[in-house]
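Observations on the model geometry
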Protein chains: 2
Amino acid sequence: MTDSWANFKAEVGADLHLDLHGTGAEPGSEAGVRAGTGAGARARSGLRTGLRDALREAVRTGRLAPGTRLPSSRTLAADLGIARNTVADAYAELVAEGWLTARQGSGTRVADRAAAVTRKPGKPAHPARRPATRPALSLFPGTPELSSFPCPEWLKAYRKALTAAPYEAFGYSDPRGRPELRGVLAEYLARARGVHADPERIVIRSGYVSALTFLARALRARTPAARAVAVESYGLDHHWECFRSAGLRIPPLGLDELGARVGELDGMAGVGAVLLTAAHQFPTGAALHPDRRSAVVDWARRTGGVVLEDDYDGEFRYDRQPVGALQGLDPERVVYLGTASKSLAPGLRLSWAVLPEELVGMLSPHEGTSSALEQLALAEFIDSGAYDRHVRAVRLRYRRRRDDLMAALAAHAPQVKVTGIAAGLHAILELPPGTERSVIRAAHWQGLAVEGLSRYRHPDAPGEGRDGLMVGYATPTDSAWAPTLRALIRSLS
Amino acid sequence: MTDSWANFKAEVGADLHLDLHGTGAEPGSEAGVRAGTGAGARARSGLRTGLRDALREAVRTGRLAPGTRLPSSRTLAADLGIARNTVADAYAELVAEGWLTARQGSGTRVADRAAAVTRKPGKPAHPARRPATRPALSLFPGTPELSSFPCPEWLKAYRKALTAAPYEAFGYSDPRGRPELRGVLAEYLARARGVHADPERIVIRSGYVSALTFLARALRARTPAARAVAVESYGLDHHWECFRSAGLRIPPLGLDELGARVGELDGMAGVGAVLLTAAHQFPTGAALHPDRRSAVVDWARRTGGVVLEDDYDGEFRYDRQPVGALQGLDPERVVYLGTASKSLAPGLRLSWAVLPEELVGMLSPHEGTSSALEQLALAEFIDSGAYDRHVRAVRLRYRRRRDDLMAALAAHAPQVKVTGIAAGLHAILELPPGTERSVIRAAHWQGLAVEGLSRYRHPDAPGEGRDGLMVGYATPTDSAWAPTLRALIRSLS
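Owing to the predicted nature of the structure, the values given are computational and were not obtained by experimental measurement. (Residues numbered from 1 in each chain as written. Chains lettered and ligands numbered in written order. Predicted model: local features only at pLDDT ≥ 70, side-chain atom pairs only at ≥ 80, totals over all residues. Heavy atoms only, no water.)

**Some words on the relation of the copies chain B and chain A**
- For the match of chain B to chain A, the screw axis carries a shift of 0.0 Å, the RMSD comes to 0.1 Å, and the turn is 180 degrees. What the rotation and shift describe, once combined, is the action of a two-fold rotation axis.
- A share of 99% of interface residues in chain B that are also interface residues in chain A marks the association as one of identical surfaces. (Least-squares fit on C-alpha atoms with pLDDT ≥ 70 in both. Contact = heavy atoms within 4.5 Å.)

**Notes on the interface of chain B and chain A**
- Contacts between the two partners involve 89 residues from chain B, matched on the other side by 89 residues from chain A.
- Overall, the association of chain B and chain A removes approximately 7,600 Å² of surface from exposure, summing both partners, and the carbon and sulfur fraction of that is 55%.
- Linking chain B with chain A are zero salt bridges, by the criterion used here.
- Applying the counting rule to chain B against chain A returns 14 residue pairs in polar contact (both at pLDDT 80 or more).
- Those elements that place two or more of their residues in the side of chain B that touches chain A are α3 (38-60), α5 (84-97), α6 (151-164), α10 (290-303), α11 (357-360) and α12 (372-383) of chain B.
- Per element, the largest residue contribution to the side of chain B that touches chain A is seven residues, and it comes from α10(B).
- Across the side of chain B that touches chain A, the residue classes break down as 36 nonpolar, 22 polar and 31 charged. (Buried area = accessible area lost by both parts, 1.4 Å probe. Salt bridge = Lys/Arg side-chain N within 4 Å of Asp/Glu carboxyl O. Polar contact = N/O pair within 3.5 Å; in protein donor to acceptor, adjacent residues only side chain to side chain. Helix = DSSP H or I, 4+ residues; strand = E, 2+ residues; numbered from the N terminus. Nonpolar A, V, L, I, M, F, W, Y, C, P; charged D, E, K, R; others polar.)

**Concerning the side chain of Ser351(B)**
Residue and element names in this part refer to chain B.
- Position of Ser 351 among the secondary structure elements: in strand β12 (residues 351-354).
- In terms of polar contacts, Ser 351 uses its side chain to reach the backbone amide nitrogen of Tyr 208, at 3.3 Å.
- A polar atom in the side chain of Ser 351 sits 3.4 Å from the side chain of Thr 339.

**Re the sheet that holds strand β16 (residues 451-452) of chain B**
Residues and elements named next belong to chain B.
- Taken together, four strands build an open sheet; the order of strands is β13-β14-β17-β16 and the sheet is antiparallel. Only two strands of the sheet have a single partner each, and these edge strands are β13 (417-419) and β16.
- Inspection of the sheet shows β13 paired to strand β14 (residues 427-430) by three bridges, in the antiparallel sense. What sits directly across from Val 418, in β14, is Leu 429. (Pairing = 2+ DSSP bridges.)

So far we have only geometry, and geometry alone does not tell us how the molecule works.
Right, dumping it as structure tokens:
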């Protein structure tokens with residue numbers, strides 16, 4: 001018996017004893033255990049687990065040093081007043097796990113390499129975590145009003161879907177997603193967005209990044225010579241990153257009030273695809289001009305390229321009916337990308353893509369999709385009309401907020417020009433060159449988190465950047481909306 | 001007016017008229033529309049949508065040829081007995097979408113490039129689809145008994161979680177997943193699997209492939225010189241593919257009855273990680289020997305390598321307590337991978353990884369995770385004890401099935417040796433060399449789908465392959481179990 005064991009026993013022996021007999025077994029109840037009754041078996045299992053965990057922890061933390069010889073199971077059992085098999089079983093488990101070794105002739109010892117794992121003292125947990133001092137109000141774009149999530153209706157749809165689900169829905173399913181949802185979506189997208197959607201060509205993904213990651217891989221495999229995907233010169237870096245990490249370049253297209261300058265595609269080498277937010281450019285807010293819609297589809301037909309249409313907020317257009325999806329013009333050349341993140345909630349992680357036939361076959365059979373149960377719930381939610389009702393209701397709320405924003409600006413900051421207001425969940429306040437940073441700082445002082453346009457600018461975008469403020473007016477809760485608007489106005493003056 | 005329009009009108013004019021007036025507007029109700037009442041606005045919206053969709057469809061299918069000039073909105077409105085603005089709005093939408101063009105002086109025409117999209121006649125929808133003639137019974141491994149999914153308890157947890165969820169749970173969240181689930185899992189994994197789990201280091205993914213894809217990327221970025229991940233010489237090809245598609249080689253380790261021969265790692269060049277199914281090798285069923293557990297952790301410490309521990313079915317061990325996770329031996333060197341796919345249902349798409357600290361920081365802030373609502377539901381499900389109850393209940397069922405299998409084999413096919421029976425959801429029936437295919441064919445004739453061991457063999461595995469039958473005894477429903485077992489016995493004789 002080494003010092004290490006003696007110390008361990010001295011320090012924690014009493015606790016261990018107490019723990020062991022506090023697990024549901026009366027001291028002395030080993031008779032019941034040996035008799036093999038159900039209650040006895042459970043009690044013994046508790047004793048074994050308690051002993052095992054206490055020993056493992058002692059080895060892990062180094063309290064029992066490597067090489068320490070443990071008492072025989074008979075000795076320890078007598079010492080603790082429990083059955084010998086209980087100790088032997090605990091030892092055997094720890095041997096199987098590699099904490100202890102058992103060798104003929106040398107007894108049971110703490111394994112040599114099971115040295116104490118020293119953990120570095122608490123580092124900042126994750127780089128993505130926001131600082132603790134963030135402002136209380138926020139106009140960060142990209143999120144719908146989260147408190148408007150229709151909990152009772154969603155729960156009703158989930159319950160109904162779960163109850164009606166066939167057994168196979170709980171298993172590994174079609175990598176495209178559930179057929180029920182693909183069928184309902186095909187009908188919905190045709191009706192609401194003019195998408196030419198065949199359920200066989202719809203794939204459900206757990207978010208845009210997942211969809212873009214698949215597309216990046218598929219595009220590379222499809223046209224190995226095309227090593228670039230053109231993107232808009234303002235957009236989301238983490239979308240661009242999906243292409244970059246697949247080894248694709250991302251040359252930027254210019255942007256003006258008619259949307260992306262798709263004519264520039266003709267001068268670009270090796271471009272196999274272009275990513276466009278055609279209905280409502282993110283973030284600048286322009287709708288792609290009809291001539292450019294035609295031109296980009298022409299480009300795709302002429303060059304064998306693919307258009308990726310990011311229709312992230314196509315359901316939200318306020319002053320006239322939505323512009324239908326570009327995809328309808330040529331479903332063999334345009335990939336349509338949609339999501340429930342703006343219309344319902346990002347937390348659901350439900351996105352979809354409508355693929356040209358040639359890309360459907362490139363989906364790996366083991367490609368991940370999202371939860372089958374929530375896919376069935378969304379199918380039921382759309383099919384019952386709850387989705388349409390929800391979109392109508394929140395569209396009205398967002399439209400009112402946009403009107404509030406316009407009225408407040410007209411009254412208190414008439415010098416500020418607003419763009420991108422016809423659709424979506426955000427507007428752009430144009431700022432005089434060189435003032436973006438100071439306005440963002442001023443907002444921060446007002447307790448308002450707000451983003452500038454410049455952080456969405458492509459690193460290789462030509463010419464001067466634009467100064468502007470992104471106003472994600474869907475983000476605040478109803479009760480925070482009025483103070484948020486006041487803080488915004490104060491930051492502008 | 002060209003022939004194309006005249007033909008279109010002759011063919012579908014009557015239908016269109018009927019459709020338009022069947023959308024909720026009474027013929028002649030345009031007065032109400034003009035008066036701007038709510039009901040009138042809705043009716044007009046229905047008329048516009050109907051006209052727009054009929055026209056779009058006609059252009060799409062080629063019934064209205066490119067260049068066709070459409071009647072003026074005034075003419076068509078009079079013709080259909082509806083308001084002129086309704087027609088003008090429908091035209092404007094189709095112009096915005098690119099189907100029509102409107103030019104000063106030449107009126108509204110069908111756009112030149114909006115040619116009919118001809119779709120290839122119905123190809124087989126998806127390569128992953130199984131043939132229609134598949135057998136009615138199945139012993140394919142990898143799936144729990146789907147009819148045992150605890151619907152009422154899960155629904156209860158989902159409802160409770162949804163009701164209690166903070167608003168921010170519906171938004172974009174921590175890329176590691178919900179803190180509620182990570183906290184509960186840390187406690188559960190420590191208790192049930194001996195995992196040294198810190199909630200800050202747990203990441204939730206929508207399935208193993210998603211987790212392995214992240215790990216492949218992180219390992220490449222971490223050690224650019226290490227261009228290989230060693231794997232077991234029998235395993236799942238779609239897991240290996242995650243590494244291959246990240247540009248990593250996958251040299252195979254030999255396998256024997258003590259598990260993977262991890263000693264071979266020392267002779268391999270450029271290996272930065274090793275993927276192991278330590279508790280229950282998939283598919284051969286061996287548990288990694290304690291000496292090898294120590295040896296592989298030693299290897300990782302010595303070389304700076306990483307062990308990826310795939311603990312896919314660690315909760316299912318029948319004849320003794322589970323072997324605790326390897327990860328506990330050194331959380332800074334071992335990544336633990338677990339999943340709800342075997343314990344609950346693959347359809348949930350819920351997996352988790354416990355990462356060494358250095359890998360946590362490599363998670364991109366926009367990495368996709370799975371549905372926040374189902375993460376909260378699983379947290380509640382575990383926390384309430386329902387998860388433990390469910391695992392205990394199905395473990396008992398699977399154990400009975402395994403015993404049925406052993407008894408049936410002993411009685412009717414005593415020559416067949418069975419391995420890998422101590423744990424998991426499948427067993428291996430060893431077959432004489434060269435007989436695997438014929439047994440699978442015989443099973444097929446008995447209406448039983450069953451897989452051979454050889455399809456899990458690494459393409460570069462050295463030596464002779466083993467012949468064997470994979471028996472996924474968890475797969476059949478309760479009512480199918482007896483006939484499935486009979487079909488298996490018949491195929492073996």
